[in-house]
Amino acid sequence: MEDNRRLFLIVLDSVGIGEAPDAAQFGDEGSNTVRAAVEAGADLPNLRRLGLFNIDGMDWTEPEAAPIGAFGRMREASMGKDTTIGHWEIAGVVSPKPLPTFPDGFPPEIIRNFEKLTGRKVICNKPYSGTQLLLDYGREHVETGALMVYTSADSVFQVAAHEDIVPIEELYHDCELAREMLTGDYAVGRVIARPFVGEYPNYTRTARRHDYSLQPPRATMLDLLKEAGRDVIAVGKIFDIFDGQGVTEKIKTTGNTNGIAFTKALQTRDFEGLAFVNLVDFDMLYGHRRDVPGYAAAATEFDRFLADFIPGMREGDLLMITADHGCDPSYTKTTDHTREYVPYLVCGKGVKAGTDLGTKLCFGTIAQTICEYLEVDASTLDGKSVWQEIRA
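Owing to the predicted nature of the structure, the values given are computational and were not obtained by experimental measurement.

I keep staring at the sheet that holds strand S1 (residues 6-12) and nothing clicks. Help me out?
With mixed pairing, the 8 strands of this open sheet are ordered in space as S10-S9-S11-S1-S12-S13-S2-S14. If you trace the sheet from one side to the other, it starts and ends with strand S10 (249-251) and strand S14 (356-361), each paired once. Between one strand and the next, the sheet's axes are offset by a mean angle of 15 degrees, whatever the strand orientation. In this sheet, strand S13 (residues 342-347) lies alongside strand S12 (residues 317-322) in antiparallel orientation, the contact comprising 3 bridges.

Laid out in structure tokens, this is it:
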């Protein structure tokens, strides 16, 4: 490449921008995550400057007169609304079939096999709120040593255990056993270790959560970039989502504030390729818990970060901001993700300000555009590049 090209791709985990055309099929009619945050007081002047409120469907608010970025929205092509499928599609791999979910808990034979593999009994085995689980089953777990297995509307097999009862390395090993066990019709997107500490009723989850993801079904943008000699720096849970495939450097974070700080630090480093960032608190702490004020505050915090980050961008830098699905904190019919359009915002010195990209089918738009910008062949990936539309 002629110049040193760096691309910062930031996934605001669950910041959807309004119901998708097939929202009813997913039970999500009327959902709009970003509108809920704005109406709760989210202050987003920098996202506004980039063109967030100029995107199709944002007719509930005033647009920016002269956006500094390119802007559009994307509709998910995959049949799902979970983290794994959303990120795979961002990386250029559409999933025509949804990953399996277990609204009635896992079949008895799966639980029996897991008990045999781990040598511990299992309790719960239902879709459950993680915080409520600790209140309802925590004491029984501490008294008996049984593992708390639970799921959600997502394709997940979650295992919760107190760190004083099940040492963290044992919990991780148990989750590795579950990952190997869950194949075929039971191949969930993620097995998640959920350690906690404390005494009833004041149990607290620790930051030592670990996700064991299903490997993508074929090569993603990350693999292609790595093979072409580009850096692929995974910040937050990106490494876990892709099971490490295609990653050249892993940066673990404890939440949004920490992830934002690492991203800011990366801006001062020399690298050539992609910094792929996931900010998980929107989804995990505020979306699923239907905490509207918390969601609004997190959005405001991210917007403040942009005020520093954008002026510090170098000549060959691009910033892309998107989401993997919605999780409307005001949507009380469920506590699940919501099927929504996601934003696509791009800025940098090489981007034509004010470019309206309209609506694109497939999050793979991102993978294709990134690969074209970084001069890597992406012919095996889904989606279509918009680089020629947005380049200055």
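What exactly am I supposed to notice about the environment of Thr-355 here?
Looking at the secondary structure, you find Thr-355 in the loop between S13 and S14. Along the backbone, Thr-355 and Cys-175 are 180 residues apart, and their C-alpha atoms lie at a distance of 46 Å. Setting aside residues up to four positions removed in sequence, Thr-355 forms contacts with Gly-69, Ala-70, Phe-71, Glu-389 and Ile-390.

How should I be thinking about unusual backbone geometry in this particular structure?
It is generally the case that most residues other than glycine have a negative phi and that most peptide bonds are trans. The omega torsion across Tyr-200 and Pro-201 is 0 degrees, close enough to zero to call that bond cis. Looking at the element boundaries, Pro-201 is found in the loop between strand S6 (190-197) and strand S7 (204-205). With phi around 50 degrees, Asp-243 is a residue other than glycine that occupies positive phi space. By relative accessible area, Asp-243 is classed as partly exposed at 33%. Positive phi values are uncommon outside glycine, yet Glu-375 reaches one of about 60 degrees. Along the polypeptide, Glu-375 turns up in the loop between helix H12 (364-373) and helix H13 (387-390).

How do you make sense of the packing of aromatic side chains when you look at a structure like this?
Given two aromatic rings, their pairing is described by the distance between the two centres and the angle made by the two planes. Following the criterion strictly, the structure yields 15 aromatic pairs and no others. Taken together, a centroid distance of 5.2 Å and an interplanar angle of 85 degrees make the contact between Phe-114 and Phe-157 edge-to-face. Here Phe-114 is found in helix H4 (residues 108-118), whereas its partner Phe-157 is found in strand S5 (residues 156-162), with 43 residues between them in sequence. Given a relative accessible area of 0%, Phe-114 falls into the buried group. Classification of Phe-157 by relative accessible area gives buried; the value is 0%. Aromatic side chains Phe-305 and Phe-309 sit 5.1 Å apart centroid to centroid with 40 degrees between the ring planes, which places their arrangement in the tilted category.

Any chance you could explain the packing of helix H9 (residues 256-267) against helix H11 (residues 292-309) here in plain terms?
The relative placement of two packed helices comes down to the angle between their axes together with the axis-to-axis distance. Packing of H9 against H11 leaves a shortest axis separation of 11 Å and a crossing angle of 10 degrees. With respect to their mutual orientation, H9 and H11 come out roughly parallel. Side by side, H9 and H11 meet where Asn-256, Thr-257, Ile-260, Thr-263, Lys-264 and Gln-267 of the first sit next to Ala-298, Glu-301, Phe-302, Phe-305, Asp-308 and Phe-309 of the second. By residue class, the composition of the contact of H9 with H11 is 5 nonpolar, 4 polar and 3 charged.

About the thresholds
- Each chain has its residues counted from 1, running along the sequence as written.
- Given that the model is predicted, a residue must reach a pLDDT of at least 70 before its local features are reported, and side-chain atom pairs must reach 80 or more before they are shown or counted; all residues, however, enter totals for whole chains, interfaces and linings.
- Calculated side-chain values reflect all of the structure's heavy atoms, with hydrogen atoms and water omitted.
- The pairing criterion for strands is at least two bridges between them, as found by DSSP.
- Secondary structure is summarised from DSSP: a helix means a run of H or I of at least four residues, a strand means a run of E of at least two, and numbering begins at the N terminus for each.
- What counts as an axis is a line fitted to C-alpha atoms, over the stretch in contact for a helix, and the angles between N-to-C directions run from 0 to 180 degrees.
- Two residues qualify as a contact provided that any one of their heavy atoms is within 4.5 Å of a heavy atom in the partner residue.
- Relative accessibility decides the category of a residue: with a 1.4 Å probe and only protein chains considered, values under 20% of the type maximum give buried, values over 50% give exposed, and everything between is partly exposed.
- Aromatic pairing here means that ring centres of Phe, Tyr or Trp (its six-membered ring) are within 6.5 Å. Orientation follows from the plane angle: under 30 degrees is stacked, over 60 is edge-to-face, and everything else is tilted.
- Roughly parallel means an angle under 35 degrees; roughly antiparallel means over 145; roughly perpendicular covers 65 to 115; every other angle is labelled oblique.
- Residue polarity follows a fixed list, in which Ala, Val, Leu, Ile, Met, Phe, Trp, Tyr, Cys and Pro are nonpolar, Asp, Glu, Lys and Arg are charged, and the others, Gly among them, are polar.

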